[in-house]
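# Descriptive analysis of the structure
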Amino acid sequence: MRVDGPRAPWEGRRVVLGVTGGIAAYKVVQVARDLTRLGAAVDVVMTRAAREFVRPLSFEGVTGRAVYTDPFAADGAAVHIRLGREADVVCVAPATADVLARAADGRSDDLLATTLLATRAPVLLCPAMNDRMWAHPAVQDNARRCEALGYTLVGPDQGALAVGEADGPGRLVEPGEIVARVGRALGAAGPLAGRRVLVTAGPTREAVDPVRYLGNRSSGRMGYALAEAAWLAGADVTLVSGPSSLPAPVGVTTHRVETAREMLEAVREPVTRADVVIYAAAVADFRPSDPADAKMKRRELDGPPTVPLTANPDISVESRPLRKEGAVAVGFALETHDLLDHARAKLEEKGFDLLVANDAGDPEAGFEVETNRVTLLEPRAEPTALPVLTKERVADRIVGRAAELLRGREHT
Ligand code: CTP
């Protein structure tokens, strides 16, 4: 997942990051930094072996907090109890074969092992070792025993290792994925925990012939940010995306489609289960009626071609009767003029509960820019104009409001 801008959804949350002695320990400095930038207070606990690979100072530099190494330090022998009790999540990365064995056995031979015993927070273990070591039955057995204790294993991935190419898994999962998994664990207490969210995103492409298409300039960024925000808030998220160069957000079930009709098909099933449906796609309203099977050749045309068009289905309208009772529907309106009048009309015509209105002429909003300036509309309420924010921040606000509307429905 991308970590940029002043987004700090995990303000006030505490993460214990256990670092053990593997070469991949250097990658975990990035994890500590990203978690800190996302607002979490990160307490790093390093084993003796970890300190052979990375110095505590690197972690102190990025977290702004003291690193814990010694169970017998002067600040109290009970530090493991305090760390374990205060943690909202404990993540061990990299987790060596040794720490897996000690965790599986419930040992208490260093500060990290005792912290694992003292905590009741979710524990993530991110193994990293040589692929032959990971494949050993003893390590596999320890990994299964860790799972039986309720710990979640994240990885390992397959890919290049410190020593040669691997035949099997052993590589630490990417730092971005670790951050996202920690986020998932933190999201377990989020406003959308246990909820399902469906997001449509990106443009659609409608074939003119096998090489040309009609489309639009949507990057998908707003929709992807919404999917990620909903996931951070604890939801199970399905993203149905038209062509976009963005990577699938970690943790989000992503279906890639090309045309409006494919998007509608991909939406049909998840929309019946979603508690919140967010229609953020910039769907092409029309498609060529009869796309050519072969490339249209300029020389064979008798002057400029005409391309007859047919209306595409409106995904928000077609899927409306399929939505679960009580689901919250969020739509978008991108307008070049009379923004609020057009937006209000779309809110009513399409039966949205929340409509996000954008002014297409605003240089700080719309397609291909990182920021957005939106106005939120709801039936029977005054519009709320938000300031210019990154699309991630806008997404947090929209998801937050959708969660409130959902809760409000259940209490009436
Ligand atoms: N929408 C959709 N399927 C379509 C067209 C629009 O699901 N075929 C959804 C969009 O995702 C958005 C909302 O409907 O949430 C409004 O989209 P917009 O393109 O602004 O409105 P249109 O209804 O297409 O109206 P117009 O293009 O005339 O402004």
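The text that follows walks through the structure, step by step, so that each part is easy to find.

About the cut-offs
- Residues numbered from 1 in each chain as written.
- Predicted model: local features only at pLDDT ≥ 70, side-chain atom pairs only at ≥ 80, totals over all residues.
- Heavy atoms only, no water.
- Helix = DSSP H or I, 4+ residues; strand = E, 2+ residues; numbered from the N terminus.
- Contact = heavy atoms within 4.5 Å.
- Areas by Shrake-Rupley, 256 points an atom, 1.4 Å probe, with all protein chains shown as cover.
- Axes fitted to C-alpha atoms, helices over the stretch in contact; angles between N-to-C directions.
- Parallel < 35°, antiparallel > 145°, perpendicular 65-115°, else oblique.
- Left-handed = near helix turned anticlockwise from the far one by under 90°.
- Nonpolar A, V, L, I, M, F, W, Y, C, P; charged D, E, K, R; others polar.
- Expected span 1.5 Å × (residues − 1).
- Buried < 20%, exposed > 50% of the residue type's maximum accessible area, 1.4 Å probe, protein only.
- Arc of directions from axis to C-beta.
- Salt bridge = Lys/Arg side-chain N within 4 Å of Asp/Glu carboxyl O.
- Pairing = 2+ DSSP bridges.
- Near = heavy atom within 4 Å.
- Polar contact = N/O pair within 3.5 Å; in protein donor to acceptor, adjacent residues only side chain to side chain.
- Core = buried A, V, L, I, M, F, W, Y, C linked by side-chain atoms within 4.5 Å.
- Domains from an automatic or database assignment.

Quick look at the overall build of the protein chain now. A tally of regular secondary structure across the protein chain gives 14 helices and 19 strands. Overall size of the protein chain, expressed as C-alpha extent along the three principal axes, is 80 × 55 × 35 Å. Long-range pairs, those at least 24 residues apart, make up 69% of the contacts in the protein chain between residues at least 6 apart in sequence. Total accessible area on the protein chain stands at roughly 19,400 Å², and carbon and sulfur atoms take up 50% of it.

Glancing now at the packing of helix 4 (residues 79-86) against helix 6 (residues 111-118). The N-to-C vectors of helix 4 and helix 6 enclose an angle of 50°; their axes lie 8 Å apart at closest approach. Taken as axis vectors, helix 4 and helix 6 run oblique relative to one another. Considering the relative orientation of helix 4 and helix 6, their crossing is right-handed. In this structure, helix 4 uses V79, H80, I81, L83 and G84 to contact helix 6, whose residues at the interface are L111, T114, T115 and A118. Split into classes, the residues belonging to the contact of helix 4 with helix 6 amount to five nonpolar, four polar and no charged.

The next subject is helix 9 (residues 175-187). With 13 residues, helix 9 extends 18 Å from end C-alpha to end C-alpha; this agrees with the ideal 18 Å at 1.5 Å per step. Judged by how many residues are buried, helix 9 sits mostly within the fold: 10 of 13 residues are covered. Considered for burial, the residues of helix 9 that qualify are P175, G176, I178, V179, A180, V182, G183, A185, L186 and G187. Looking at the buried residues of helix 9, the elements they touch are strand 1 (14-19), helix 1 (25-37), strand 3 (89-95), strand 4 (123-127) and helix 10 (221-232).

The next subject is helix 4. Those residues of helix 4 that sit buried are V79, H80, L83 and G84. For helix 4, the angular spread of buried residues about the axis comes to 125°, placing them on one side.

A few words on the pattern of salt bridges. Enumeration according to the criterion identifies 26 salt bridges in this entry. A salt bridge links R14 to E86; its shortest N-O distance comes to 3.4 Å. Note that R14 is positioned in strand 1 and E86 in helix 4, a separation of 72 residues in sequence. The class of R14 is partly exposed, set by a relative accessible area of 23%. Taking relative accessible area as the criterion, E86 reaches 33% and is therefore assigned partly exposed.

Moving on to the environment of A201. Mapped onto the elements of the fold, A201 is located in strand 6 (residues 196-201). Considered as a pair, A201 and T254 are 53 residues apart in the sequence and their alpha carbons are 10 Å apart. Non-local contacts of A201, meaning those with residues more than four positions away in its chain, are made with G220, G223, Y224, L239, V240, S241, G242, M263, A280 and A281.

Across the six residues of strand 6, five count as buried, placing the element largely inside the fold. Where strand 6 meets strand 9 (residues 236-241), six bridges bridge the pair, whose relative direction is parallel. In the strand pairing of strand 9, L198 is matched with T238. Pairing geometry for strand 6 and strand 11 (residues 276-279), over four bridges, is parallel. Directly across from L198, in strand 11, lies its bridge partner V277.

Bringing the sheet that holds strand 9 into the picture now. Across the sheet, eight strands lie side by side as 10-9-6-11-14-15-17-18; this open sheet has mixed pairing. The open sheet terminates on both sides in strands that have one partner only, identified here as strand 10 (253-256) and strand 18 (384-385). Inspection of the sheet shows strand 9 paired to strand 10 by four bridges, in the parallel sense. In the sheet register, L239 faces strand 10, and the bridge partner there is T254. On the sheet, helix 10 packs against strand 6, strand 9, strand 10, strand 11 and strand 14 (328-335) and is oriented at approximately 170° with respect to strand 9.

Around the ligand, the structure places 14 residues, and the nearest of them are Y279, A281, F332, K346 and K350. In this structure, an oxygen atom belonging to the ligand sits 2.8 Å away from a main-chain N or O atom of A281. About the coverage of the ligand: the protein hides 76% of its 570 Å² of free accessible area. Elements with a minimum of two residues in the shell around the ligand: helix 12 (315-318) and strand 14. Tallying contributions element by element places strand 14 first for the shell around the ligand, with four residues. For the shell around the ligand, the per-class residue count stands at eight nonpolar, two polar and four charged.

Before going further, it helps to spend a moment on the nonpolar core. In this structure, F59, L226 and I398 are the most contacted members of the largest nonpolar core, which totals 75 residues. Mapping this core onto the domain boundaries places at least three of its residues in each of domain 1 (14-186) and domain 2 (196-410). Beyond its immediate chain neighbours, meaning those up to four positions away, F59 contacts V19, A25, V28, V29, A32, V44, M46, V54, G64 and V67. By size, the runner-up hydrophobic cluster in this structure holds 27 residues, among which are V45, L83, V99 and L153.

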